[in-house]
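Structural overview
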Amino acid sequence: MAALDAVSVITGKRDGGELSDAQIDWVVDGFTRGIVADEQMSALAMAILWRGMTRRETARWTAAMIASGSRLDFTDLPRPTVDKHSTGGVGDKITLPLAPLVAACGAAVPQLSGRGLGHTGGTLDKLESIPGWRADVSVARMREILADPAIGAVVCAAGADLAPADKRLYALRDVTGTVESIPLIASSIMSKKIAEGTAALVLDVKVGSGAFMKTVDGARDLATAMVELGRDAGVKTVALLTAMDTPLGRTAGNALEVAESIEVLAGGGPADVVELTLTLAREMVAQAGLNIDPADVLADGRAMDHWRAMIQAQGGDPDAPLPTARHTEILRAESTGILTRLDAMSVGLATWHLGAGRTRQGENVQAGAGIEMHAKPGDPVQAGQPLLTLHTDTPEAFPTALTALEDALTINPTTEPNPAALILARID
Ligand code: URA
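Residues numbered from 1 in each chain as written. Predicted model: local features only at pLDDT ≥ 70, side-chain atom pairs only at ≥ 80, totals over all residues. Heavy atoms only, no water.

Some details on the pairing of strand β8 (residues 337–342)
As paired strands, β8 and strand β10 (residues 380–381) are joined by two bridges and run antiparallel to one another. Residue pairing across strands places Ile338 opposite Pro380, the latter belonging to β10. Relative to strand β12 (residues 409–412), β8 runs antiparallel, the two sharing four bridges. By the bridge assignment for β12, Arg341 is matched with Thr410. (Pairing = 2+ DSSP bridges. Helix = DSSP H or I, 4+ residues; strand = E, 2+ residues; numbered from the N terminus.)

Printed below as a string of structure tokens:
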């Protein structure tokens, strides 16, 4: 076989060719070891963005990224493993009630999560607002927690050795305008999920203004690519497309979202959060081969018991008061009518400006910062009533946050309430 070199791999893809398995293995491995330079990988990512990759190329690329690090194996656990991945949205706190709920149904839920960057929050940032809770858990401890029938769920940070090629490539894509390639997004997400060792996976692919994918067609293509990658790697995978034009629930921000998740576990909480939690839980339980209705497990308090055990297993105090921000500001309705629009992206950006998110990796986030939503689309509102409460420790952030919210809300004096669908499609 001829010696491989980065320039011929780049030009081959630039000119519309298919990369061979050997070329993909070589370039991903070379990039991980520093033999293929960042500028060469950036050029290849741009060529892939324009030319695409076939199903075979995408599967091989994913396998090469998994092989760049270690792969966890939970096949010896006494319970079936199943995980969920969301492509990210505003107010998307679903992992918090979902992981303990599915564990209470009898599955083991190994959920390796990330921190937030930009307008969508990170699950780890949310859980870190619980006093004492820690995101770093060794693989040995993960295994103990997953095997324990009283806990069964772990939400923790991925170790540095999980798909390290993806970590480096994602950082490059972020600064070279090459994030929006379906084969690259699909392989990035699925390499981490497959390496995490779950036997089954439910994907929540968000669609709308506050999501990565703005159209149903784009989200369907991404979901299909990820379902195919999962199946090809032996992970039972199904995807739901769910709406993200409006934030989920009535809070966005770290401690605010934890409090709302606890309401759901206690049997209350906003209807959309409950609906999505139960829909995803039913999919996960079915993928795990269990015959139980998660609604019963939520209603009788078993999910709450697993939440408390899960938080305690990672050093957290489930009874400690959650942090609150020092300053609040209220945004009021300018007219009377029906609230017809509450734009997810604007709420996400305002939440970020208030201090709940970060602009650079490694920055601290404020636990108490965020936005409470007192009305959601479809609700009647009166002029002057509070619509949003903004929370922050840094009141100088209020003007920027309020600017981000300027065109976020529409109140229509005549429209009848017309609730939008939350679950848009299922892909398996
Ligand atoms: N999330 C990821 O992990 N990777 C991507 O490429 C996009 C979103």
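Next, the rest of the story.
Topic: the sheet that holds strand β7 (residues 327–332)
The strand order β6-β9-β11-β7 describes an open sheet built from four strands, whose pairing is antiparallel. Each edge of the open sheet carries a strand with a single partner, namely β6 (251–253) and β7. Direction aside, the axes of adjacent strands within the sheet are offset by 15 degrees on average. Pairing geometry for β7 and strand β11 (residues 386–392), over six bridges, is antiparallel. For Glu329, the partnering residue across the bridge sits in β11 and is Leu390. Of the strands in this sheet, β6, β9 (370–373) and β11 touch helix α11 (residues 254–265), which is tilted by about 140 degrees from β6. Along the sheet, helix α15 (residues 344–356) makes contact with β6, β9 and β11, crossing β9 at roughly 135 degrees. (Axes fitted to C-alpha atoms, helices over the stretch in contact; angles between N-to-C directions. Contact = heavy atoms within 4.5 Å.)

What about the site of the ligand?
What surrounds the ligand is the set Tyr170, Arg173, Ile185, Ser188, Ile189, Lys192 and Phe212. A distance of 2.6 Å separates a nitrogen atom of the ligand from a polar side-chain atom of Ser188. Elements supplying a minimum of two residues to the shell around the ligand: α8 (164–175) and α9 (182–195). For the shell around the ligand, the leading source of residues is α9, giving four residues. Of the residues contributing to the shell around the ligand, the split by class is four nonpolar, one polar and two charged. (Near = heavy atom within 4 Å. Polar contact = N/O pair within 3.5 Å; in protein donor to acceptor, adjacent residues only side chain to side chain. Nonpolar A, V, L, I, M, F, W, Y, C, P; charged D, E, K, R; others polar.)

A closer look at the sheet that holds β8
Pairing is antiparallel in the open sheet, where three strands are placed in the order β10-β8-β12. Looking at the sheet topology across the chains shown, the edges are occupied by β10 and β12.

As for the nonpolar core
With 109 residues, the main nonpolar core has Val205, Trp307 and Ile371 as its most contacted residues. Here the element with the most residues in this core is helix α12 (residues 271–287); it accounts for eight residues. The residue makeup of this core includes at least three contributed by each of domain 2 (83–313) and domain 3 (327–412). Excluding anything up to four places from it in sequence, Ile371 contacts Arg250, Thr251, Ala252, Leu256, Val347, Ala350, Thr351, Leu354, Leu388, Thr389, Leu390 and Leu405. If you look at the next biggest cluster of nonpolar residues, it comprises 21 residues, including Ala6, Ala45, Met65 and Leu172. (Core = buried A, V, L, I, M, F, W, Y, C linked by side-chain atoms within 4.5 Å. Buried < 20%, exposed > 50% of the residue type's maximum accessible area, 1.4 Å probe, protein only. Domains from an automatic or database assignment.)

A short note on the pattern of salt bridges
Applying the stated criterion across every chain yields a total of 28 salt bridges. Between Arg33 and Asp29 there is a salt bridge whose closest N-O contact spans 3.0 Å. Assessed through its relative accessible area of 55%, Arg33 is described here as exposed. The exposure class of Asp29 is partly exposed, given its relative accessible area of 35%. Arg141 is the partner of Glu144 in a salt bridge, and the nearest nitrogen-oxygen pair spans 2.8 Å. Remark: Arg141 and Glu144 occur in helix α7 (residues 139–147); sequence separation between them is three residues, near one turn of the helix. One salt-bridge network, held together by shared partners, links Glu18, Asp21, Asp25, Arg56 and Arg60. (Salt bridge = Lys/Arg side-chain N within 4 Å of Asp/Glu carboxyl O.)

So, helix α1 (residues 6–14)
The periodicity of an α-helix, 3.6 residues per turn, causes residues three or four places apart in sequence to face the same way. All buried positions along α1 are accounted for by Ala6, Val9, Ile10 and Lys13. When α1 is viewed along its axis, its buried side chains cluster within an angular range of 95 degrees and face the same direction. On its buried face, α1 is in contact with α2 (21–32), α3 (38–51) and α4 (55–67). One side-chain oxygen of the residue at the start of α1 lies 3.2 Å from the amide nitrogen of Val7, identifying that residue as Asp5. Two residues or fewer past α1, Gly16 is found with a positive phi of approximately 90 degrees. (Arc of directions from axis to C-beta.)

A look at the pairing of strand β5 (residues 236–243)
In terms of burial, β5 is a largely internal element, seven of the eight residues being buried. In terms of strand pairing, strand β4 (residues 200–207) meets β5 through eight bridges, oriented parallel. Bridge pairing in β5 places Lys206 opposite Thr242. Crossover handedness for the path β4 to helix α10 (residues 216–232) to β5: right-handed. Two elements, β5 and strand β13 (residues 423–427), share four bridges in a ladder whose sense is antiparallel. Bridging from a neighbouring strand, Leu241 pairs with Ala425 of β13. (Right-handed = clockwise from strand over helix to strand, strands pointing away.)

Comments concerning the packing of α4 against α9
How two helices pack is summed up by the angle between their axes together with the distance between the axes. Remark: α4 packs on α9, axes separated minimally by 9 Å, with the N-to-C direction vectors making an angle of 45 degrees. The angle between α4 and α9 falls in the class oblique. With respect to the hand of their crossing, α4 and α9 are arranged in right-handed fashion. Of the residues in α9, those in contact with Thr58, Trp61, Thr62, Met65 and Ile66 of α4 are Pro183, Leu184, Ser187, Ser188, Met190, Ser191, Ile194 and Ala195. (Parallel < 35°, antiparallel > 145°, perpendicular 65-115°, else oblique. Left-handed = near helix turned anticlockwise from the far one by under 90°.)

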